[in-house]
Amino acid sequence: MIQYYFDWSVIWRNADRFAYALGLGLSLAVISLFIGSVIGIACAMARVYGARWLSWPVWLYVEFIRNTPLLLLVFFVYFGLPELDISYLDKTQSFILTLSLYAGAYMTEVFRAGLASIPKSYTEAAKAIGLRPWQRQRYVVLPVMFRITLPAFSNNLISLFKDTSLAAAIAIPELTFVARQINANTFRVMESWLAASALYLVTCYVIASALRRLERRYAAIR
Amino acid sequence: MGEEVLLRARGVRKSFGNVEVLKGIDLDVRQGQVVSLIGASGSGKTTFLRCVNLLEEHDGGEILLDGDPIGYRMEGGKRRRLSEAKVSAQRARIGMVFQQFNLFPHLTAEGNIMLGLTKVLGKGAAEARDIAGHWLERVGLAERRGYYPYQLSGGQQQRVAIARAVAMQPRLLLFDEVTSALDPELVAEVLGVMQKLAESGMTMLLVSHEMLFVRDVSDRVVFLDGGQVAQAGPPKEVFGNPESERLRSFLGRMHGIFGQIA
């Protein structure tokens, strides 16, 4: 029987690094979800309302991203772009770009389904009071769509936050990277990984319950 | 009735695929009149109403509001569709109330009314709120201004929808079977609001199966049959002296539901 003696002091000593790592991971996820949502809305509207030829590139983009491992995309953007003389992105920016493109593909599908599920009756009511086409989108269709897609938003934010662990592969000091480093330096294997896991778990749980409350508050159609 | 003609339809045609739903409708609505369209389902009543507000585009004939053709302009003898902005401006002059209320689900009762006032008519928020409050009071819902549609009963939602349409001060109000989706005990409150509007001089074109209401409130009743006007006139004449067998049998079926109409 192997005995393992826990020594949590190594975690407390590195609390500030964990805190920074957690903040960094969350920022990466939130920023990428934001940029991904902008991409997603643009692509979804191009597919639903745009010209026919527009739906091809969108389809290609979505399918390419959804059927390629994220880690591969991370490497491709980080190592590949400089080969094409696109080298003005540092590693964090490169990762944000990758995660945004990744989120964008998923959000495209979320918003496309959201747009499709909005009853025609709302658009007709918006027409009837004289709103112009872009006003109908701005004041009726999009607000309703956001409320419908709020649950998908929460799920994607949690997924993206967990996916930020892949940034460790290009040495961005987020949680997984920090845990690995502390593990390597102190040989406190269990403590490092358990601490990181606990932080992921608690954070995801908190995000989920906070957004659940938001969903209940803003649910549009009940 | 010497008032000017507000809405004039001449030879309005509309097909969905191979099915011709409107086969040349002629109809006048004068300023301040209440005109009701009656007829069996499939006779084209709702389609005609939707053409007036450009929710459907008519294929032939013309619909004039205050003398302006709806949805297009003539250019060298040809019909040219108006820009979306112009179409929107035309729609703003016509209010519409729908069978399923169609309130915006993310806005309160007040917000539903304010949206058009601020974004279409360009009123400030404070003025729009006052107007919304005024109309909510007129439809008996002053204390519900902050409620969302899902918090309101069907009858209340429909009254908000009416307030939303009237608040825009349209030249003409369209009502598309506005009580058909309501529980029977909620019909009266909505009809009551419509009756008050009619008495206030609002020009109204309505599609309804509420024959007693149609008889009491209308200046003219138009019976549509198979996409054509089969008989039109004052309610006394249409209900009291139905010319065609189709109208007699239609009214006969309605008697079963509403009791003696004429």
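A brief report on the enclosed structure follows. Just so it is clear, the model here is predicted, and its values are computed rather than measured.

So, about the overall build of chain B. Across its full length, chain B carries 9 helices and 12 strands. Radius of gyration (C-alpha) of chain B: 18 Å, near the 18 Å computed for a compact globule of 262 residues. Principal-axis analysis of the C-alpha atoms gives chain B an extent of 55 × 55 × 40 Å. For chain B, buried positions account for 53% of its 262 residues.

Below, the discussion takes up the nonpolar core. Ranked by size, the top nonpolar core spans 94 residues in total, and within it B:Leu27, B:Phe48, B:Val52, B:Leu172 and B:Leu205 carry the most contacts. No other element matches helix α7 (residues 133-163) of chain A, which puts 12 residues into this core. In this view, B:Leu205 contacts B:Leu7, B:Leu27, B:Val29, B:Val35, B:Leu37, B:Phe48, B:Leu49, B:Val52, B:Leu172, B:Leu173, B:Leu174 and B:Phe175; residues no more than four positions away in its chain are not counted. Core analysis: the second largest hydrophobic core is formed by 51 residues, B:Ala132, B:Leu186, B:Val190 and B:Leu251 among them.

Before going further, it helps to examine the interface of chain A and chain B. How big an interface is tends to be expressed through the accessible area that disappears when the partners come together. Counting residues at the interface gives 22 residues for chain A, matched by 23 residues for chain B. Where chain A abuts chain B, roughly 2,000 Å² becomes buried across the two surfaces, and 64% of that area is made up of carbon and sulfur atoms. For the pair chain A and chain B, the interface holds 2 salt bridges. Of the charged contacts in the structure, one is a salt bridge between A:Arg136 and B:Glu84, with a shortest N-O distance of 3.8 Å. Of all elements in the fold, only α6 (120-128) and α7 of chain A reach the threshold of two or more residues within the side of chain A that touches chain B. Across the side of chain A that touches chain B, the residue classes break down as 13 nonpolar, 3 polar and 6 charged.

This brings us to the pattern of salt bridges. Following the criterion strictly, the structure yields 24 salt bridges over all chains and no others. The partner of B:Arg93 in a salt bridge is B:Asp68, and the shortest N-O contact between them spans 3.8 Å. Of this pair, B:Arg93 sits in the loop between α2 (84-92) and β8 (94-97) while B:Asp68 sits in strand β5 (residues 68-69); the two residues are 25 residues apart in sequence, bridging distant segments of the chain. On the accessibility criterion, B:Arg93 (27% relative accessible area) is partly exposed. Accessibility expressed as a relative area gives 36% for B:Asp68, which makes it partly exposed. Here the salt bridges share partners, and the residues they tie into one network are A:Lys120, A:Glu124, B:Arg50 and B:Glu56.

Rules used in this analysis
- Residues numbered from 1 in each chain as written.
- Chains lettered and ligands numbered in written order.
- Predicted model: local features only at pLDDT ≥ 70, side-chain atom pairs only at ≥ 80, totals over all residues.
- Heavy atoms only, no water.
- Helix = DSSP H or I, 4+ residues; strand = E, 2+ residues; numbered from the N terminus.
- Rg over C-alpha atoms; globule rule 2.2 N^0.38 Å.
- Buried < 20%, exposed > 50% of the residue type's maximum accessible area, 1.4 Å probe, protein only.
- Core = buried A, V, L, I, M, F, W, Y, C linked by side-chain atoms within 4.5 Å.
- Contact = heavy atoms within 4.5 Å.
- Buried area = accessible area lost by both parts, 1.4 Å probe.
- Salt bridge = Lys/Arg side-chain N within 4 Å of Asp/Glu carboxyl O.
- Nonpolar A, V, L, I, M, F, W, Y, C, P; charged D, E, K, R; others polar.

Interpretation note: all reported values are geometric properties and have no functional meaning in isolation.
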